[in-house]
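Fold and geometry: a report
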Amino acid sequence: MIGILIIAHAPLASALRECALHVFPDCASGVLAVDVLPHDAPETSLADARRAMAQLGTDDVLLLSDVFGATPCNVAQQLNDSAQTRLVAGANLPMLLRSVCYRHESLDQLVSRAQAGGTQGVMTVGSTAPQNQTGKRHAPSHHDHQQ
């Protein structure tokens, strides 16, 4: 099973993990979080992340970070140094939930699932009933299937 390590600005990493555990309580040991605090040196966050990664107990790890180019992502990039890790930035809850559901697949497939979950989870939602909303409608035979 692939481990998932969330590295994000505090308290986002822990909050995302707690949400995942709310939906999938049995994933606790396979999903860990490192909150990067504003006053911590990057070296401190990197040491915390290394400990968490070791605690996952698996070689294959999906790293999720919140903002590309920010300290949490830079820390995660330092862990993303083998063929057994992948890093996806822009983490959100749909991305994490999709990742938890497909931890049994290959690492490359999991990355694709994570990205699809993250992007498909972002949408405009109307304030009225769907039948009253204006906009382009799909053909009745068209279905948006999840990956």
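Look up a bit, the structure's there.
Residues numbered from 1 in each chain as written. Predicted model: local features only at pLDDT ≥ 70, side-chain atom pairs only at ≥ 80, totals over all residues. Heavy atoms only, no water.

1. Overview of the overall build of the chain
Cut-off, in case you're wondering: Only runs of H or I of at least four residues qualify as helices and only runs of E of at least two qualify as strands under DSSP, and these elements are numbered from the N terminus. Computed with the Shrake-Rupley method and a 1.4 Å probe, the accessible areas treat only the protein chains shown as cover for residues.
Along the chain, the regular secondary structure elements total 5 helices and 4 strands. Surface accessibility of the chain: about 8,500 Å² in total, with carbon and sulfur atoms responsible for 53%.

2. Things to note about the sheet that holds strand E1 (residues 3-9)
Strand pairing in a sheet is mediated by backbone hydrogen bonds. Such pairs are either parallel or antiparallel. Convention followed: Whether two strands pair depends on DSSP finding at least two bridges between them. In this description, a line fitted to the C-alpha atoms serves as the axis of each element, helices being fitted only across the stretch in contact, and the angle between N-to-C directions of two axes falls anywhere from 0 to 180 degrees. Residue contacts are defined here by distance: any two heavy atoms, one from each residue, within 4.5 Å place the two residues in contact.
With respect to topology, 4 strands assemble into an open sheet ordered E2-E1-E3-E4, the strand pairing being parallel. Of all strands in the sheet, those bounded by a partner on one side alone are strand E2 (31-36) and strand E4 (85-89). Within the sheet, the average angular offset between the axes of one strand and its neighbour, ignoring direction, is 20°. Where E1 meets strand E3 (residues 61-65), 5 bridges bridge the pair, whose relative direction is parallel. Opposite Leu 5, over in E3, you have Leu 63 as the bridge partner. Docked against the sheet, helix H3 (residues 71-79) engages E1, E2, E3 and E4, running at close to 145° with respect to E1.

3. Regarding the packing of aromatic side chains
Condition: What counts as a ring pair is set by centres within 6.5 Å for rings of Phe, Tyr and Trp (its six-membered ring), and what kind of pair is set by the plane angle: stacked under 30 degrees, edge-to-face over 60, tilted for all other angles. Our definition puts a charge over a ring when NZ of Lys or CZ of Arg is within 6 Å of the ring centre and also within 35 degrees of the ring normal.
Inspection of every chain in the model, using the stated rule, returns 0 aromatic pairs. Seen from the ring of Tyr 102, Arg 113 lies directly overhead, with NZ or CZ sitting 3.9 Å from the centre.

4. Topic: the packing of helix H4 (residues 93-101) against helix H5 (residues 107-120)
Two quantities define a packed helix pair, namely the angle between the helix axes and the distance between the axes. This is how the line gets drawn: Handedness of a helix crossing follows the sense of rotation of the near helix relative to the far helix, less than a right angle counterclockwise being left-handed and clockwise being right-handed. Residue type decides the class: Asp, Glu, Lys and Arg count as charged, Ala, Val, Leu, Ile, Met, Phe, Trp, Tyr, Cys and Pro as nonpolar, and the leftover types, Gly among them, as polar.
Where H4 contacts H5, the axes come no closer than 7 Å and their chain directions differ by 145°. Considering the relative orientation of H4 and H5, their crossing is right-handed. Touching Pro 94, Met 95, Arg 98 and Ser 99 of H4 are Leu 110, Arg 113, Ala 114, Ala 116, Gly 117, Gly 118 and Gln 120, all from H5. Each residue belonging to the contact of H4 with H5 can be placed in one class, and the counts come to 5 nonpolar, 4 polar and 2 charged.

5. Some words on H4
Inclusion rule: Residue exposure (1.4 Å probe, protein chains only): buried if accessible area is under 20% of the type maximum, exposed if over 50%, otherwise partly exposed. Think of a polar contact as two N or O atoms within 3.5 Å of one another; within protein, one of them needs to be a possible hydrogen donor and the other a possible acceptor, and neighboring residues in sequence only count if both atoms come from side chains.
All of the buried residues along H4 are Met 95, Leu 96, Arg 98, Ser 99 and Val 100. Tucked into the core, H4 has its buried residues touching E1, helix H1 (12-23), E2, E3, E4 and H5. The residue sitting at the N-terminus of H4 and contributing the capping side-chain oxygen is Asn 92; that oxygen lies 2.8 Å from the backbone nitrogen of Met 95.

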